[in-house]
Amino acid sequence: MTNNSEKIKTIFNRIAPVYNQLNDWLSLGQHRIWKQMAVKWSNARPGNTCLDLCCGSGDLALLLSQQAGPSGSVFGVDFSQEQLAVAARRDRPFLTPSSPISWVEADALDLPFPDNYFDCATMGYGLRNVTDIPRSLQELHRVLKPGAKAAILDLHRPKNSLMRSFQQFYLESLVVPIAQQFGMTQEYAYINPSLAKFPIGSEQVAIALQAGFTTATHYPIAGAMMGVLVLVS
């Protein structure tokens, strides 16, 4: 694992205890709606074998388990032990029948699954943090069945200069100070520089097609400050 990958892993291990609370504060609860959109775009169905890559504290995996139902199965994969521990504690039976979730510690660049294994996949705020985006998409394509869909939710740099300025203001003047209240200033200060290096939607589409996906569409949401990359294997 590269030094940069170890740094990112350390960050996510440290923020794990307050990750959900901070996400609610920083997005005014909107991240839950965006995650529901991603699950809908993944086309998860009853009986499916589902993958939530870079699952963090498990929001998307838990939503997938409701869609897959008792006849399906979900694998939540992350390289952060602490995030997986939080996810496992949140893994409780729903009022509606849901599928079992397996929490797997693994690297998104080297997934421990056979080819053509999953019916659908999601990824929330993970693509921006992998050290090799093309390789991570190649691995995702490898483990998906032909025709399977994946939905990747992440931050996005708006083309509109006003929205881009607002996003930078939001990150620097709201996100970092709130994180500071939790003693997580350094951990959240990395977001702006990571976003500056992150491919915009059209670039993500090109990388996904090169990775082998048959179709790739990027949907800007939240004033193009967020985006969902929808892929068909």
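Residues numbered from 1 in each chain as written. Predicted model: local features only at pLDDT ≥ 70, side-chain atom pairs only at ≥ 80, totals over all residues. Heavy atoms only, no water.

Re the packing of helix α3 (residues 30-42) against helix α4 (residues 59-68)
Stage number 1. Running from amino to carboxyl end, α3 crosses α4 at an angle of 45 degrees, the nearest separation of the two axes being 10 Å. As far as their axial angle goes, α4 and α3 are oblique. Classified by chirality, the crossing of α4 by α3 is right-handed. Taken together, the residues of α4 that come into contact with α3 (itself represented by H31, R32, K35, Q36, A38, V39 and S42) are D59, L60, L63, L64 and Q67. (Axes fitted to C-alpha atoms, helices over the stretch in contact; angles between N-to-C directions. Helix = DSSP H or I, 4+ residues; strand = E, 2+ residues; numbered from the N terminus. Parallel < 35°, antiparallel > 145°, perpendicular 65-115°, else oblique. Left-handed = near helix turned anticlockwise from the far one by under 90°. Contact = heavy atoms within 4.5 Å.)

Describing the packing of aromatic side chains
Stage number 1. Here the structure, examined in full by the defined rule, presents seven aromatic pairs.
Stage number 2. Ring geometry for F75 versus F113: centroids 5.4 Å apart, planes at 70 degrees, classification edge-to-face. With F75 in strand β2 (residues 73-78) and F113 in the loop between β3 (101-105) and β4 (118-124), this residue pair connects regions lying 38 residues apart in the sequence. Here F75 matches F113 in class, with each residue buried.
Stage number 3. Ring geometry for F75 against F118: centres 5.8 Å apart, planes inclined by 75 degrees, an arrangement best described as edge-to-face. One end of the pair, F75, is in strand β2; the other, F118, is in strand β4, with 43 residues separating them in the sequence. (Phe/Tyr/Trp six-rings, centres within 6.5 Å; stacked < 30°, edge-to-face > 60°. Buried < 20%, exposed > 50% of the residue type's maximum accessible area, 1.4 Å probe, protein only.)

Quick word on the side chain of S194
Stage number 1. Relative to the helices and strands, S194 is located in helix α9 (residues 191-197).
Stage number 2. Judged by its relative accessible area of 10%, S194 is buried.
Stage number 3. Of note is the side chain of S194, whose polar atom sits 2.9 Å from the side chain of R128. (Polar contact = N/O pair within 3.5 Å; in protein donor to acceptor, adjacent residues only side chain to side chain.)

Brief notes about the pairing of β4
Stage number 1. With respect to burial, β4 is a largely interior element, six of its seven residues being buried.
Stage number 2. When strand β1 (residues 49-53) meets β4, the two strands line up parallel, connected through four bridges. Across the sheet, L51 pairs through a bridge with A121, a residue of β4.
Stage number 3. With six bridges joining them, β4 and strand β5 (residues 144-155) adopt parallel strand pairing. Note that in β5 the partner of G124 across the bridge is L153.
Stage number 4. For the crossover that starts at β4, traverses helix α6 (residues 133-143) and ends in the parallel β5, the hand is right-handed. (Pairing = 2+ DSSP bridges. Right-handed = clockwise from strand over helix to strand, strands pointing away.)

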